[in-house]
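# Examining the three-dimensional arrangement
So you can see what is in the structure, the chains are spelled out below.
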Amino acid sequence: ITLPADGFAARGVVQHPLVRGYLHMAVFVFTGLASGWYSRRIRRKSEELAEREQTIRDIQLSTDNIVANMSSGLIVTDTNGKIVTVNPAARRILDLPENEEFAGRSLEEVADGMHSLVDLLLHGLATGAPRRRREIEIERPGSEAMPIGISISTLRDENGESRGVIALFQDLTEVRRMRERIRWGDKMAAVGELSAAIAHEVRAPLASICGSIQM
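Bear in mind the structure is a predicted one, so any value in this text is a computation, not a measurement.

Relative to the helices and strands, Arg 177 resides in helix 6 (residues 173-214). Within the local environment of Arg 177, its side chain forms a polar contact with the side chain of Glu 174, the two groups lying 2.9 Å apart.

Structure representation (structure tokens):
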């Protein structure tokens, strides 16, 4: 086939059935290759996304299990004093309802009447300074004052910005009772030592008196 130089003849060649068939075939092949490439890329991205989601779920599950099985109470708040997390141990120590949802509620509402605990957490929010372990007493509704040992830490993000506070605490009721028993034991031991010393001091002159009487 002789290819003319003018455009009309060129269009005529392109419209030739054989040429058009080759062009259509080339377009189909290119479309198929591009579709296959995009399909493989989308499938690969979907697999990577699924793996990342599974990793995140595993990390979250591990974190949730750790928090749920801690023997110490844990309370996490945001910068506005709203509750983020209250673990089961904290519910048990503070005598809070087990099935009630506290996320998003204010600290004053959740720890109603526990002024020493609320004041300590709000002070940590205001200053951003961690508080080492200290002992305080909290007033639980309908119960006697309970001693707890508590530590306050600042919750920070990857940029070092404050995002809230973390309170970790334990019930010290048994520890206080043990201290009282030890203190009572020390007092009794001191009384015993004093009694032994007095008895010794009394026995010495009595022995001399008895000897004189016998003489």
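Attention now goes to the sheet that holds strand 4 (residues 146-156). What the 5 strands build is an open sheet, ordered 2-1-5-4-3; its pairing is antiparallel. Across the chains shown, the open sheet's two edge strands, defined by having one partner strand only, are strand 2 (83-86) and strand 3 (131-138). Taking each pair of neighbouring strands and ignoring which way they run, the sheet shows an average axis angle of 25°. Here strand 1 (residues 73-77) runs beside strand 2; their pairing, made up of 3 bridges, is antiparallel. In the strand pairing of strand 2, Ile 75 is matched with Val 86. In the packing of helix 6 onto the sheet, contacts are made with strand 3, strand 4 and strand 5 (162-171), and the angle to strand 4 comes to roughly 135°.

With that settled, the discussion passes to unusual backbone geometry. For Asp 95, which is not a glycine, the phi torsion comes out positive at approximately 60°. Mapped onto the elements, Asp 95 comes out in the loop between helix 3 (88-94) and helix 4 (107-110).

Here we take up a positive patch on the surface. A cluster of basic residues, Arg 40, Arg 41, Arg 43, Arg 44, Lys 45 and Arg 52, forms a positive patch on the protein surface. Looking at the secondary structure, you find Arg 41 in helix 2 (residues 17-68).

In this structure, strand 1 lies alongside strand 5, joined through 5 bridges in antiparallel fashion. By the bridge assignment, Leu 74 is partnered in strand 5 with Leu 168. Pairing of strand 4 with strand 5, which is carried by 9 bridges, proceeds in the antiparallel orientation. When the sheet's bridge partners are listed, Gly 149 is paired in strand 5 with Gln 170.

Quick look at the pattern of salt bridges now. With the rule as written, the count across this model stands at 6 salt bridges. Residues Glu 100 and Arg 105 are paired through a salt bridge, measuring 2.6 Å at the closest nitrogen-oxygen approach. For Glu 100, a relative accessible area of 30% gives the class partly exposed. Note that Arg 176 and Glu 137 form a salt bridge whose closest N and O atoms lie 2.6 Å from each other.

Ranked by size, the top nonpolar core spans 25 residues in total, and within it Ile 75, Leu 94, Leu 117, Ile 138, Ile 150 and Phe 169 carry the most contacts. Mapped onto this core, the elements with two or more residues apiece are strand 2, helix 3, helix 4, helix 5 (115-127), strand 3, strand 4 and strand 5. Filtering out sequence-adjacent residues up to four positions away, Ile 75 remains in contact with Ile 83, Thr 85, Val 86, Ala 90, Leu 94, Val 165, Ile 166, Ala 167 and Phe 169.

The rules behind these values
- Residues numbered from 1 in each chain as written.
- Predicted model: local features only at pLDDT ≥ 70, side-chain atom pairs only at ≥ 80, totals over all residues.
- Heavy atoms only, no water.
- Helix = DSSP H or I, 4+ residues; strand = E, 2+ residues; numbered from the N terminus.
- Polar contact = N/O pair within 3.5 Å; in protein donor to acceptor, adjacent residues only side chain to side chain.
- Pairing = 2+ DSSP bridges.
- Axes fitted to C-alpha atoms, helices over the stretch in contact; angles between N-to-C directions.
- Contact = heavy atoms within 4.5 Å.
- Patch = residues over 30% accessible without salt bridge, like charges linked within 9 Å, V, L, I, M, F, W, Y side chains within 5 Å.
- Areas by Shrake-Rupley, 256 points an atom, 1.4 Å probe, with all protein chains shown as cover.
- Salt bridge = Lys/Arg side-chain N within 4 Å of Asp/Glu carboxyl O.
- Lys, Arg positive; Asp, Glu negative; His and termini not counted.
- Charge placed at Lys NZ, Arg CZ, Asp CG, Glu CD.
- Buried < 20%, exposed > 50% of the residue type's maximum accessible area, 1.4 Å probe, protein only.
- Core = buried A, V, L, I, M, F, W, Y, C linked by side-chain atoms within 4.5 Å.

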